[in-house]
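The chain contents come next:
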Amino acid sequence: MKMRITKHGEDVLKKIAKSVDYDEIRDDLPALLKNMWETMYGVKGVGLAAPQVDISIRLAIIDVKPEGKSDKIVMINPEIVNREGSVTEEEGCLSVPGLYAKVKRHKRVTVRALDAKGALFERTGTGLLARAFEHEVDHLDGKLFLNHLSLVERLRVSTILKDIKKNWD
Ligand code: ZN
């Protein structure tokens, strides 16, 4: 089942999401994840955090599809444990549809989280995956990529935002 994606301006996207007690969500997790994957793939996204489907818990999914091959990552209570280098690339977000801006992020990012089965894992990503790690963890901390823009960039996009917001559901 596809879920509605929350949009910039909605409170759930500004909140610090609640830590997950794995045992508490274990039974509901498979269905929730199924819906989140369907929602994300349905709009050709590469990442989706629970607050983007109006659930304020520390859970996010990522699939940046290196070489077109699916690489599904489920992160529960993710923590960024290492970040190195910096790179500026164009970035967008399913909660800010139609808007793209250059955002400076780390080049190499290591995340520690629980997977869908509740097992602890660590994964290091570069390029788009590193960017996705930081972007999704930001969502769990109530931040959007817009928070990383320079003042000048922020002023530029605020006009565009007002305009494109009219077309959001
Ligand atoms: Zn996003």
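Here, the structure is the one placed above.
Residues numbered from 1 in each chain as written. Predicted model: local features only at pLDDT ≥ 70, side-chain atom pairs only at ≥ 80, totals over all residues. Heavy atoms only, no water.

(A) Spotlight on the overall build of the protein chain. When its secondary structure is counted, the protein chain shows 4 helices and 7 strands. Scaling as 2.2 N^0.38, a compact globule of 169 residues should have a C-alpha radius of gyration of about 15 Å, and the protein chain matches this with 15 Å. Overall, the C-alpha framework of the protein chain stretches about 45 × 35 × 30 Å when taken along its three principal axes. For the protein chain, with 169 residues in total, the buried portion stands at 46%. Once local pairs closer than 6 in sequence are excluded, the contacts in the protein chain between residues at least 24 apart make up 64%. Within the structure as shown, the protein chain displays about 9,100 Å² of accessible surface, and the carbon and sulfur contribution to it stands at 51%. (Helix = DSSP H or I, 4+ residues; strand = E, 2+ residues; numbered from the N terminus. Rg over C-alpha atoms; globule rule 2.2 N^0.38 Å. Buried < 20%, exposed > 50% of the residue type's maximum accessible area, 1.4 Å probe, protein only. Contact = heavy atoms within 4.5 Å. Areas by Shrake-Rupley, 256 points an atom, 1.4 Å probe, with all protein chains shown as cover.)

(B) The pairing of strand E6 (residues 108-114), seen in detail. With respect to burial, E6 is a largely interior element, 5 of its 7 residues being buried. Strand direction decides the pairing type here: strand E3 (residues 73-84) and E6, joined by 6 bridges, are antiparallel. Within the sheet, the bridge partner assigned to asparagine 82 lies in E6 and is threonine 110. Taken together, E6 and the strand that follows it, strand E7 (residues 120-126), pair antiparallel across an intervening segment of 5 residues, in which glycine 118 is found at a positive phi of about 90°. (Pairing = 2+ DSSP bridges.)

(C) Local environment of the coordination of the zinc ion. Surrounding the zinc ion are the protein donor atoms Cys93 (SG), His135 (NE2) and His139 (NE2), at 2.0 to 2.2 Å. Look at where the donors of the zinc ion fall in the sequence and you get C-x41-H-x3-H. Of this pair, cysteine 93 sits in the loop between strand E4 (87-91) and strand E5 (101-105) while histidine 135 sits in helix H3 (residues 127-140), and the two are 42 residues apart along the sequence. The exposure class assigned to cysteine 93 is buried, which follows from its relative accessible area of 10%. (Donors = N, O, S within 2.8 Å, 3.2 Å for Na, K, Ca; no water.)

(D) Expanded view of unusual backbone geometry. The residue aspartate 54 is not glycine, and still its phi comes out positive at about 70°. Mapped onto the elements, aspartate 54 comes out in the loop between strand E1 (47-49) and strand E2 (59-62). We classify aspartate 54 as exposed; its relative accessible area is 54%.

(E) Looking closely at the sheet that holds E6. Read across the sheet, 5 strands follow the order E1-E2-E3-E6-E7 without closing on themselves; strand pairing throughout is antiparallel. Strands with a single pairing partner mark the edges of an open sheet, and in this sheet they are E1 and E7. When the angles between neighbouring strand axes are averaged without regard to direction, this sheet yields 35°. The sheet contacts of helix H2 (residues 29-42) involve E1, E2 and E3, and relative to E2 the element is tilted by about 45°. (Axes fitted to C-alpha atoms, helices over the stretch in contact; angles between N-to-C directions.)

(F) View of the packing of aromatic side chains. In total, this model carries 1 aromatic pair according to the counting rule given. One residue, lysine 72, lies across the ring of tryptophan 37, its end atom 4.9 Å from the ring centre. (Phe/Tyr/Trp six-rings, centres within 6.5 Å; stacked < 30°, edge-to-face > 60°. Lys NZ or Arg CZ within 6 Å of the ring centre and 35° of its normal.)

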